[in-house]
Structure formats: C-alpha cells, structure tokens
Amino acid sequence: MSLYAAYLEEIETRKKQDLSPKPIDGAELTQEIIVQIKDKDHAHRDASLNFLIYNTLPGTTSAAGVKAQFLKDIILGAADVPEISTEFAFEMLSHMKGGPSVDVLLDLALGDDAAIAGQAAEVLKTQFFLYDADTDRLKAAFEAGNAVAKDILESYSKAEFFTKLPDVEEEVKVVTYIAGEGDISTDLLSPGNQAHSRADRELHGKCMITPEAQVEIQALQKQHPDKRVMLIAEKGTMGVGSSRMSGVNNVALWTGKQASPYVPFVNFAPVVAGTNGISPIFLTTVGVTGGIGVDLKNWVKKLDENGKPILNNDGNAILEEKYSVATGTILTINTKKKKLYDEAGEEELVDMSSSFTPQKVEFMKAGGSYAIVFGKKLQNVACEILGTELKSAFAPSKEVTHEGQGLTAVEKIFNANAVGVPKGVTLYAGSDTRVGVDIVGSQDTTGLMTSQELEAMAATVLSPKVDGAYQSGCHTASVWDFKAQENTPKLMAFMHKFGLITARDPKGVYHAMTDVIHKVLNDITVDDWAIIIGGDSHTRMSKGVAFGADSGTVALALATGEATMPIPESVKVTFKGQMADHMDFRDVVHATQLQMLEQFGDNVFQGRVIEVHIGTLLADQAFTFTDWSAEMKAKASICISEDDTLIGSLEIAKSRIQIMIDKGMDNDVEMLKGLIAIADKRIAEIKSGEKPALKPDDNAKYFAEVVVDLDAIVEPMIADPDVHNADVSKRYTHDSIRPISYYGAEKKVDLGFVGSCMVHKGDVKIVAQMLRNLEKDTGKVEFKAPLVLAAPTYNIVDELKEEGDWEVLQKYSGFEFDDAAPKNTARTEYENILYLERPGCNLCMGNQEKAAKGDTVLATSTRLFKGRVVEDSGEKTGESLLASTPVVVLSAILGRTPTLDEYIDAVEGIDLTKFAPPVEKPAGAKSAHF
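About the criteria used
For every chain, the first residue of the written sequence is number 1, and numbering continues from 1 onward in sequence order. Confidence filtering applies because this is a predicted model: local features only for residues at pLDDT of at least 70, side-chain atom pairs given and counted only at 80 or more, and all residues used for totals across whole chains, interfaces and linings. Heavy atoms from the whole structure form the basis of all side-chain values; hydrogens and water molecules are not counted. Put simply, DSSP H or I for four residues or longer makes a helix, DSSP E for two residues or longer makes a strand, and each gets a number counted from the N terminus. Radius of gyration here is computed from C-alpha atoms only, and the compact-globule reference equals 2.2 Å multiplied by the residue count raised to the power 0.38. Exposure classes here rest on a 1.4 Å probe applied to the protein chains alone. A residue is buried below 20% of its type maximum, exposed above 50%, and partly exposed in between. Whether two residues are in contact is decided by their heavy atoms, any of which lying within 4.5 Å being enough. Defined by distance alone, a disulfide is two cysteine sulfur atoms within 2.5 Å. Being paired, for any two strands, means DSSP has found at least two bridges between them. Nonpolar core, defined: a set of buried Ala, Val, Leu, Ile, Met, Phe, Trp, Tyr and Cys residues in which side-chain atoms within 4.5 Å join the residues together. Each aromatic pair joins two rings of Phe, Tyr and Trp (for Trp, the six-membered one) with centres within 6.5 Å, and gets the label stacked for planes under 30 degrees apart, edge-to-face for over 60, and tilted for any other angle. Salt bridges are identified by distance alone: a Lys or Arg side-chain nitrogen within 4 Å of an Asp or Glu carboxyl oxygen. Between N-to-C directions, angles span 0 to 180 degrees; the directions come from axes that are lines fitted to C-alpha atoms, helices contributing only their stretch in contact. Note on terminology: angles under 35 degrees are roughly parallel, angles over 145 are roughly antiparallel, angles of 65 to 115 are roughly perpendicular, and the others are oblique. For a crossing to be left-handed, the near helix must be turned anticlockwise from the far one by less than a right angle; the clockwise case is right-handed. Gly falls in the polar group here, along with every residue not listed as nonpolar (Ala, Val, Leu, Ile, Met, Phe, Trp, Tyr, Cys, Pro) or charged (Asp, Glu, Lys, Arg). N or O atoms within 3.5 Å of each other form a polar contact, as long as, within protein, one can give a hydrogen and the other can take it, and as long as residues adjacent in sequence are counted only when both atoms are side-chain atoms. Assignment of crossover handedness uses the view with strands pointing away from the viewer, where a clockwise path from the first strand over the helix to the second indicates a right-handed crossover.

### Describing the overall build of the protein
No. 1: Helices and strands together make up the secondary structure of the protein, namely 31 helices and 33 strands.
No. 2: Here the C-alpha radius of gyration of the protein, 28 Å, is about what a compact globule of 930 residues would show, namely 30 Å.
No. 3: Projected onto its principal axes, the C-alpha coordinates of the protein cover approximately 90 × 70 × 65 Å.
No. 4: When the 930 residues of the protein are sorted by exposure, 61% land in the buried category.
No. 5: Taking contacts inside the protein between residues at least 6 apart in sequence as the whole, the part at least 24 apart equals 72%.

### Points about the state of the cysteines
No. 1: Here the structure, examined in full by the defined rule, presents 0 disulfides.
No. 2: Cysteine Cys474 shares no disulfide, and the gap to the nearest cysteine sulfur, in Cys841, comes to 3.7 Å.
No. 3: Judged by relative accessible area, which is 0%, Cys474 ranks as buried.

### Quick word on the sheet that holds strand 18 (residues 501-502)
No. 1: Taken in spatial order, the 5 strands make up an open sheet running 18-17-16-19-20, and their pairing is parallel. Unpaired on one side and paired on the other, strand 18 and strand 20 (545-548) mark the two borders of the sheet.

### Digging into unusual backbone geometry
No. 1: At Asp18, a residue that is not glycine, the phi angle is positive and equals roughly 60°.
No. 2: With respect to the helices, strands and loops of the structure, Asp18 is situated in the loop between helix 1 (3-16) and helix 2 (27-38).
No. 3: Positive phi outside glycine occurs at Glu670, with the angle close to 55°.
No. 4: Along the chain, the position of Glu670 falls in the loop between helix 25 (643-662) and helix 26 (671-688).
No. 5: In this structure Glu670 comes out as partly exposed when scored by relative accessible area, which is 42%.

### Let's talk about the side chain of His582
No. 1: As for its placement among the helices and strands, His582 is situated in the loop between strand 22 (570-576) and helix 23 (585-600).
No. 2: When near neighbours in sequence (up to four residues on either side) are disregarded, His582 contacts Val714, Tyr903, Ile904, Val907 and Leu912.

### A few points about the nonpolar core
A general tendency of soluble globular proteins is for nonpolar side chains to be buried together.
No. 1: Core analysis: the largest hydrophobic core is formed by 190 residues, its most contacted members being Ile84, Tyr156, Met457, Tyr470 and Leu809.
No. 2: Of all hydrophobic cores here, the second largest spans 48 residues; its members include Ile614, Val788, Cys844 and Leu882.

### Looking at the sheet that holds strand 21 (residues 562-566)
No. 1: One open sheet accounts for 3 strands, arranged 14-15-21; its pairing is antiparallel. Of all the strands in the sheet, the pair left with one neighbour each is strand 14 (418-419) and strand 21.
No. 2: As defined by bridge partners, strand 15 (residues 432-436) adjoins strand 21 across 5 bridges and the pair is classed as antiparallel. Paired with Asp432 across the strands is Pro566, a residue of strand 21.

### Considerations on the packing of aromatic side chains
No. 1: Considering all chains together, one arrives at 18 aromatic pairs under this definition.
No. 2: Taking the centre distance of 6.0 Å and the plane angle of 90° together, the rings of Phe414 and Phe547 count as edge-to-face. With a gap of 133 residues between them, Phe414 in helix 18 (residues 409-417) and Phe547 in strand 20 connect regions that are remote in the sequence. Neither residue differs from the other here; Phe414 and Phe547 are each classed as buried.
No. 3: Taking the centre distance of 6.2 Å and the plane angle of 75° together, the rings of Tyr794 and Phe817 count as edge-to-face. Highlighted residues: Tyr794 in helix 28 (residues 794-803) and Phe817 in the loop between strand 30 (813-816) and strand 31 (834-837), separated in sequence by 23 residues.
No. 4: Classification of Phe817 as buried rests on a relative accessible area of 15%.
No. 5: Connected via pairs of aromatic rings, a cluster forms that spans Phe128, Phe129, Tyr131 and Phe374.

### Section: helix 14 (residues 245-255)
Given 3.6 residues per turn, any residue in an α-helix points the same way as the ones three and four places further on.
No. 1: Buried residues dominate helix 14, accounting for 10 of its 11 residues.
No. 2: Turning to helix 14, its buried residues are Met245, Ser246, Gly247, Val248, Asn249, Asn250, Val251, Ala252, Trp254 and Thr255.

### Brief notes about the pattern of salt bridges
No. 1: The tally for this structure, following the rule as stated, stands at 59 salt bridges.
No. 2: Measuring nitrogen to oxygen at the nearest pair gives 3.5 Å for the salt bridge that ties Glu169 to Lys257. Of this pair, Glu169 sits in the loop between helix 10 (160-163) and strand 1 (171-181) while Lys257 is found in strand 5 (residues 257-260), placing the two residues 88 residues apart along the sequence.
No. 3: The partly exposed category is assigned to Glu169, whose relative accessible area is 38%.
No. 4: Residue Lys339 is joined to Asp351 by a salt bridge in which the shortest nitrogen-to-oxygen separation is 3.4 Å. Here Lys339, found in strand 12 (residues 339-341), pairs with Asp351, found in strand 13 (residues 348-351); they are 12 residues apart in sequence, far enough to count as distant.
No. 5: By relative accessible area, which is 38% here, Asp351 ends up partly exposed.
No. 6: The network of salt bridges with shared partners includes Lys761, Lys765, Arg772, Glu799, Glu803 and Asp805.

### Describing the packing of helix 4 (residues 62-76) against helix 5 (residues 86-94)
No. 1: Put simply, helix 4 and helix 5 touch, their axes get as near as 9 Å, and they point 155° apart. Taken together, the axes of helix 4 and helix 5 are roughly antiparallel relative to one another. Helix 4 and helix 5 meet at a crossing whose hand is left-handed. Each of Lys67, Ala68, Leu71 and Ile75 in helix 4 lies in contact with helix 5, whose residues at this interface are Thr86, Ala89, Phe90, Met92 and Leu93.
No. 2: Of the residues contributing to the contact of helix 4 with helix 5, the split by class is 7 nonpolar, 1 polar and 1 charged.

### A word on the packing of helix 17 (residues 369-386) against helix 22 (residues 551-560)
No. 1: Where helix 17 meets helix 22, the closest approach of the two axes is 11 Å, and the angle between their N-to-C directions is 15°. Of the possible angle classes, the one that applies to helix 17 and helix 22 is roughly parallel. Handedness of the helix 17/helix 22 crossing: right-handed. Here helix 17 contributes Tyr370, Val373 and Phe374 to the contact with helix 22, which in turn contributes Gly552, Thr553, Leu556 and Thr560.
No. 2: Grouping the amino acids of the contact of helix 17 with helix 22 by side-chain chemistry returns 4 nonpolar, 3 polar and no charged.

### Description of helix 9 (residues 147-157)
No. 1: Along helix 9, the residues that are buried comprise Ala149, Ile152, Leu153, Ser155, Tyr156 and Ser157.
No. 2: Buried residues in helix 9 make contact with helix 6 (100-109), helix 7 (114-124), helix 8 (132-143), helix 10 and helix 17.
No. 3: For helix 9, the side-chain oxygen to backbone nitrogen distance between the N-cap and Val148 is 2.9 Å, and the N-cap itself is Asn146.

### Looking at the pairing of strand 24 (residues 636-640)
No. 1: Of all 5 residues making up strand 24, 5 are buried, and the element is well covered by its neighbours.
No. 2: Side chains of strand 24 alternate between two faces, with Ala636, Ile638 and Ile640 and Ser637 and Cys639 buried alike.
No. 3: Pairing of strand 23 (residues 609-613) with strand 24, which is carried by 5 bridges, proceeds in the parallel orientation. Bridging from a neighbouring strand, Val609 pairs with Ala636 of strand 24.
No. 4: The β-α-β motif built from strand 23, the intervening helix 24 (residues 619-628) and the parallel element strand 24 has right-handed crossover chirality.

The following block contains the structure:
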C-alpha cells in the first residue's frame, strides 16, 4: 500500500472520531503528494494540493524540507503548478518559520535572478528563526559586496520583522466562561491520562474540561463573534500544578486565534483568568503563546469594623464579591490603560498593569515569546556584521537596583548567570533578565511537544552553552502499552540525535532507564550556582535554582542555552527547635505550609522563591522540601547548604553520574563526563575557600520571613484535599494540613502508595524496616489495603538489593516488576498485597496507573488534584491524601489512619529522615543521609 493510500485510510478512521486529517510531517508522504500534484490528471490531485498547502507542518520537519524545495522549483520555473503562483509560493515560504524554508529563501535572495532575489529578500525580512549558519551566509555575501544581503541585514539591524507588525489592539472585548470554582489544575485543561495525544493537537483538544464545556464555549463564540472567550477560575487560581503547554494549547485551540492559515490546529493568544490570578509557571506558558493572563481579584475578604477579616466556622475568611464574572459577562480589556472595565468600558474593575508589562506586550504583538528571543539575537548579530551601533527595537529590560542592599540567593544566581547586563550593574528582584541555562530536562509526556517546538523554531542541535540535558522516560514507565511503544522510541531517537542524554537508548545498547526525571536532574546538577529548566512543575532541585517550564520554554532553553524571566522575590524559611524522634522530615515539609499560613494568613510562597536554610541535609533529602514547593505554589526553591554538606551531595552526584556512564548512557560529546569535571571543580573551590557554598548576604531583603518551629511538630501531618468542604474553592488545595489525630483512627484507607519524586532511598528502607518489625512482633505481615511501592530510580533498587532490603520487600510482595516483560495494560483492580512497581512516576502521574474509582488513597506523592491519582465513582468521591512513608505503610497495614500511639509504636527503632538546624551532625544519627 502506498503511503498516500494509508493516509486516506487514517483519514477515514479519524472521521469516525470527528477529527480532521492529521497534519503531515514526513518527507516520503509529502513527496508522493507532490508527484500527484504534478500529474494534471491524477484523481487525487485536488486533495493533494490541499494537503500540501494547508496540512503540512513547517520548521525542520522532513515534510517541510520537501515542501520548501518544491516551492523553490515553482519559483524558479522548474515545476509548473497553475494553482501556486510565484507570489503564493513566497507567501507559503513566509509561514514555514525557518530551517529548510530559510535555506531556500537565502538561495533565492543570493541568486542571480534580480527580480526573484528582491522578492525573496522581502520575505526574509519578515523571518526571525535564523541560526548561525544562516547569518554566516548573509555575512559572507555582504562581505563579498552583495547588495541584497546588505539590504536584508540592514532590515534586521532595525528589527523590521518586529517593528512592522501591527500594534496590540487597544481594546479587547471578552466574554467570560467559568471553567470551574476554586483552583483549576492544568489537569482540567489537559488531563494527564490523555498525555499520549498531546502532540496531536486536534485530538488532544477534545479532552479539555468536558465535551459539554466545549459546546458551551462554541455557543458563546457564536453568540459573540466579535469577542474573545476568557476562561476563568472563579474563587481560585488558574493553572496550578504544572506549566503544561498542552493546557494552554487546548485553551488557545478553543478560544484563541489561528497562527497561520497554512498550519493547522496551532492557535495562540488565549485569555485566561483567575480570582487569585494565574499560577506562576502556567503564566509563563501563557506568555509563550502571546496570551493574556488576568488577576481578577473579584472576590475579596469581608472585613469587620476594625478592618480584620471575618472568619467562618472553619476559620476561613468569608469572601464577598467585588464584581461578577459569571459566564456570559461581557468585559473590556484596555491594553493601553492596562485596566479591566465593564462592557461599556466605563467602570474600572481591576488594574492589569502586571498583565501588560512592556515585555508581555511585545510577546502579544509578536505572537509569542520565541519571536522576541530570536528577534533580539538577530538584531544584535546584524548590527555586529554591519558594524553599526545597536539601537534596540525592543523594550529595555527592567533594571531594579538598591544601592547598599544585600542579595538573596536567587538574586546572586541570576546576577552570576545574566546575559547582556552592563558591567558593574547589580540586579535585584523585579529586574527582567536573560540568563544562561546550565541544565535542561525534558520529560516523556511533554517531550513530543518539545520536539515539535524545536522543529517549529528550526533548531537541529543542542546549544553548546548547556552543560547537561536529559530526556526522561518516567511518566510512561508504568505500562509499556501501544501508545508508549508508538511514541517513546520516536521521542528518544529525536532527542538523542539532538544531543540529549536519553532514558532509552535508540540503539538498544543500554537498559531502559525509567528513573524519575527530577531525581536524575537533581543528580546531574553539579553546581549550586546553576540555573535549571525542566518540562515539569517539579523541576525544583536542591542545588542551584530550578524552574518548571512548558515544553516550548524547554525547547528554547535546549536550542539557545538561555531563558528570559524576571528575578523573583524571595521568602526566607529558617527553623528553630528540635525534631521529635518519631517525626519524619516529610512532616516538617507539611508543617512549613501550615505554620506559614498561620503566621501570614495568605500564602506568601505563591509566585516567589522559597530560600530554605536547610544546610544539614544532603541533596536527596533536601529535595523533599524543594519538590513540595511546587504544591506551595512557589515559583522555585533554593536550598542554602553548609560547605561539607554540599561537598557530600556533589560526591553522591558524581557517583551516580558515573553509574550512568558505566551503563553506556554518555553521548558522543561525553556530556556526563563533563558534568563530573564540573563537580570536581566546584568541590575544589569549596574546599579551598575560593568559592564557598552559596549563601545570601546578611542584609538581603525578603518579601517575608517564615520561622518553622520544629518543637511544635508533634504528630504526623497529612495534606488533605478536603473534598467535602462546603466552600468549593477550598477543595483540592494543598492548604488543608492536618495532624493524624484529626481523623480519630476512623479514616478508611483503600490504597497506599509509596513512590514518586518525593521519596528517596531512605523511604524505601523505612518500608523494609517496618515489615521486619511487624514480622518480629506478630510473625507475619498482613495488608488490609493494597500498598504500591515504586522506587524513584534503578540506583535505589540496586543499592537496596546490595544492602538486603529488597529481599524483605520481595518476601511480602505479590507483584514485582520485570523489565524483560513489562506490563502492557494498566492495573484496574488491586489486592491487599505489596506491589513492587517499576521505577518511575506510577500513580502520581495518573496517565497510566490509577487507583480504583472512588478510593481513598494515602500517598507519599505530591498530587491531590481531582481525578489525578484517583477518579470519582458514582457512589463516592475519590480522595488522594498525602503523608510520610511510615504513615502510608502503617495505614495500608491497618486499612485506616493510625492513632498517634499506634504510629509511635510502629516507628520505634526506625531511622526516619531527620533534620536538625545546627550545622553539626546530630549525635548518634543513623539516618540514610548520614
């Protein structure tokens, strides 16, 4: 069967799903289509023309290369297609973004035909995805006296590709649509269990919210064709949990504008809003697409006569509505005045200055942030080639300085990594910065989107500025099903060729490593001054500063080695007192959230960097805190470590990187070997005193300072989704932190889960030790609820085997993963046994494995969002409660939450993960991290 015939069959299959033909990205099918176009009598000629013009993906896809060459042939007269004139061919080339299309345009612009060269030059002046090879060609032609090259470079030096674009419209009329009440997780916009379809934008778009919501949005659009639909989180924050480019893509698909008539299902400029604004990492993604994020502030705390909030019976502040945004409300956004008005544009409802900073307005004008990033570089390069003074066409970066004021840790890191900052200028929080990126991570359920973004921006190789880059396989580790088998090898092959270390070897030489991405990134981060960008909200390392990002920002970091963002404000977290022997460090993490809310009333962590002074914990254990900071709605977290502790963490990182090398995972440029060299250099700097471990200045200024009282943590803590709270906006947040006594040993637990990035080797050893203790006390261990255990990495499993702990786990397990014969279907029912699952995300991701509908799950993971780990049944609401490893294990054995006495008895003699504020090693400590 020909590829075209197979494509027609696929089209018929997609029709049954109410889907359009899938966009074409392959060279062979495109070549076959072109042959049919050239045959004037071919039965499929008209359809082939339509596919070539409107359904072929641009950038560096192999299809784009074939299409660009064919358009070149048409322009030069080597091919005759009456429907495609020279002008139309140039127009299509102008929408192909770069790579092969820029090659063709340069060929034509620098060719001998003056008329064609002039037309090609005019198109090139609108392009900005040019790389060194492209500008080198222009430079060579310019130096050889080519007038067309000079003309193009002069245009670039003025940034006419940007300045000649139309300005952002002054008034944007919107019609509201309330997507949900309370915090809206990106899972609502792009469910994790549909991750396999994210690269197929039209198909994935059908999973946004509900089919009913999609119909309602379409009805609003039909009723208000001149307005844009604004998606709203009423009484909550929009886009919590992750950056999720697919979520923004879905919103744009249903409510945004089409980016190009020749590129299907790629929309931009969505408008999203929340009573409490937009989650920081999701807001970044909105900016990538040139969208508008709105902090509505439409519900405010009701105050008494003394100006203090009036509380309800639960101790929560009572809210009152400042103005309505009920579905169907028409509002006016004035982009010049930077305010939200009523329909008539007369009554001011809320200030929107933060939505329309000069930089964000540029993103909106250019159709997204990529155009600005590449545009700035192109203007600089053109001026250098011409030898002219740079007069930037872009808004100057905001520079905030405070003479005599010290620097926070994040301010120090950003200043050390800043690009293009004048010598002698010190930047503080609020400053806009371009920074070099040291480590980049791409995860597997967004990786295909990242590869698409790389193709769209015509990138073909990893930036040499990046020290380490990794493509994971953890989010699809649980089940090697048809979707994983179809998507994963293709992703790994692309990323391996691009220059990343990949979890799977496309050549099949080394064992598939499905280790959790955050754990791998934590190991390959070998400098406490590093900046890390990763395609997941839990990219929050315990060394350096890490930012979870959308697939596009990850692609940009891979391609350019840079990221652009404001320096965030910081909240300082310190500790006093002493941990009780029976408490686990996970309880300290939960208590930090609880005590912060008690001290400030509002979440001061939201949108800021948590600078946590936790110097006595090694990287694995400290990661438990930084990882959780995503759920605290923080932008990032930085661990302030003692010198000796940091050296210990770097030595551990070196050993794990060496294991990756020994397994054959290093690439042609020996990236992993290079990371060990960086770690050695950093260790030498610390030991010599030349450059001690990162610390803030004593006179640094913070937005807030939180002091956590360890003496006050006397019971294990549970983060409860509070699914039955009368106030819908209070459900599924991470703010309901409760001691186990709250449940009176009466909370039934249907399933326990120990796993995800929140656990380390010490947690798995705790499970083994609890089983040993129970066996010793009662002669056997019986589970009254299933217990699922997924170690984060293979290294942990290997070390547990060497130390005798894995043998104990095997003894009580009813299932153990087998990489030689991985599961090909997801488990839907569980027995009351221990399941030893493959290293990876497992239940925490929710895209493959889930608990049974309606279950109450007690887990060590981070996710308590509605439908993520467990969905509702017809009879019962699913709940995902989060706790420490010993609480989860004991609850699975009991089938319920324990009493405090039961818990204390169960952990007696077990070395829990401990933390002590002093630098000195606690006397007699036997915890895994010591």
